[in-house]
Amino acid sequence: MSNINTNIKVLREEARLSVEEFAEKMNVSKETVVNWEKGKQDPTNEQIEQMCPILRIHLEDIFLDDMTVQQLSEKLGVPAYRMHKDAAGELKDILGTAE
């Protein structure tokens, strides 16, 4: 299992989204989300790009060591999904995409 699989679950829970709510926002089945979180399936690059603004994180944060995500959140006393207010705009800058 990669860090991204663990981080999806941690970040989803910190965003206070149920599996069903997150699946709906991602336009996937709840089984797909469960498979991501269990490491049975990895999200596509496009799905990773889509989930970052939903989870309110930077693209690189989803790849952090799972302990780092938790430690940063605890250290700052702020849920990880609130650490970055403009994740969507910065994600576009990182990826070099334009609207």
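Note that the coordinates shown come from a computational prediction; the quantities given were computed from them, not determined experimentally.

What counts and what doesn't
- Throughout this description, residue numbers start from 1 for each chain and increase along the sequence as written.
- Residues qualify for local features only when their pLDDT is at least 70, as the model is predicted, and side-chain atom pairs are given and counted only at 80 or more; totals for whole chains, interfaces and linings, by contrast, use all residues.
- Hydrogens and water are ignored here; the side-chain numbers use all heavy atoms of the structure.
- The numbering of helices and of strands both runs from the N terminus, where a helix is a DSSP run of H or I of at least 4 residues and a strand a run of E of at least 2.
- Buried means the residue's accessible area, taken with a 1.4 Å probe over protein chains only, is under 20% of the maximum for its type, while exposed means over 50%, and partly exposed covers the values in between.
- The directions from the helix axis to the C-beta atoms form the arc being described.
- Here, residues are in contact when the closest pair of their heavy atoms is within 4.5 Å.
- The axes used here are C-alpha line fits, helices contributing only the stretch in contact, and every angle between their N-to-C directions lies in the interval 0 to 180 degrees.
- Relative orientations are named as follows: roughly parallel for angles under 35 degrees, roughly antiparallel for angles over 145 degrees, roughly perpendicular for angles from 65 to 115 degrees, and oblique for any other angle.
- Under this grouping Gly is polar, as are all residues other than the nonpolar Ala, Val, Leu, Ile, Met, Phe, Trp, Tyr, Cys and Pro and the charged Asp, Glu, Lys and Arg.
- Note on terminology: a nonpolar core comprises buried Ala, Val, Leu, Ile, Met, Phe, Trp, Tyr and Cys residues joined through side-chain atoms within 4.5 Å.
- Pairing of aromatic rings covers Phe, Tyr and the six-membered ring of Trp, with a centre-to-centre limit of 6.5 Å; geometry is then stacked below 30 degrees between planes, edge-to-face above 60, and tilted otherwise.

(A) Quick peek at the environment of E14. By the secondary structure assignment, E14 is in helix 1 (residues 3-14). As for E14 and L55, which are separated by 41 residues in sequence, their C-alpha atoms are 8.5 Å apart.

(B) Inspection of helix 3 (residues 30-38) at higher detail. What helix 3 keeps buried is the set T32, V33, W36 and E37. Buried residues in helix 3, looked at end-on, bunch into an arc of 135°, giving them a common side. Residues of helix 3 that are buried in the fold lie against helix 1, helix 2 (19-26) and helix 4 (45-55). Directly beyond the C-terminal end of helix 3, a positive phi value near 80° is found at G39.

(C) Quick peek at the packing of helix 2 against helix 3. Two numbers describe how helix 2 lies on helix 3: the axes approach to 8 Å, and their chain directions differ by 105°. Classified by the interaxial angle, the pair formed by helix 2 and helix 3 is roughly perpendicular. Across from V19, E20, F22, A23 and M26 in helix 2, the residues of helix 3 making contact are K30, V33, V34, W36 and E37. Of the residues belonging to the contact of helix 2 with helix 3, the class tally is seven nonpolar, no polar and three charged.

(D) Fine view of the nonpolar core. With 19 residues, the main nonpolar core has I8, F22, V33, W36, M51, L55 and I62 as its most contacted residues. Elements supplying a minimum of two residues to this core: helix 1, helix 2, helix 3 and helix 4. When neighbours within four sequence positions are excluded, I62 is seen to be in contact with N3, I4, N7, I8, L11, I48, M51, L55 and I57.

(E) Structural view of the packing of aromatic side chains. Tallied over the full model, the rule gives one aromatic pair. Ring plane angle 70° and centroid distance 6.5 Å describe the contact between F22 and W36, whose orientation is recorded as edge-to-face. Taken together, the residues span a long stretch of sequence, with F22 in helix 2 and W36 in helix 3 at a distance of 14 residues. Classification of F22 as buried rests on a relative accessible area of 0%. Classification of W36 by relative accessible area gives buried; the value is 0%.

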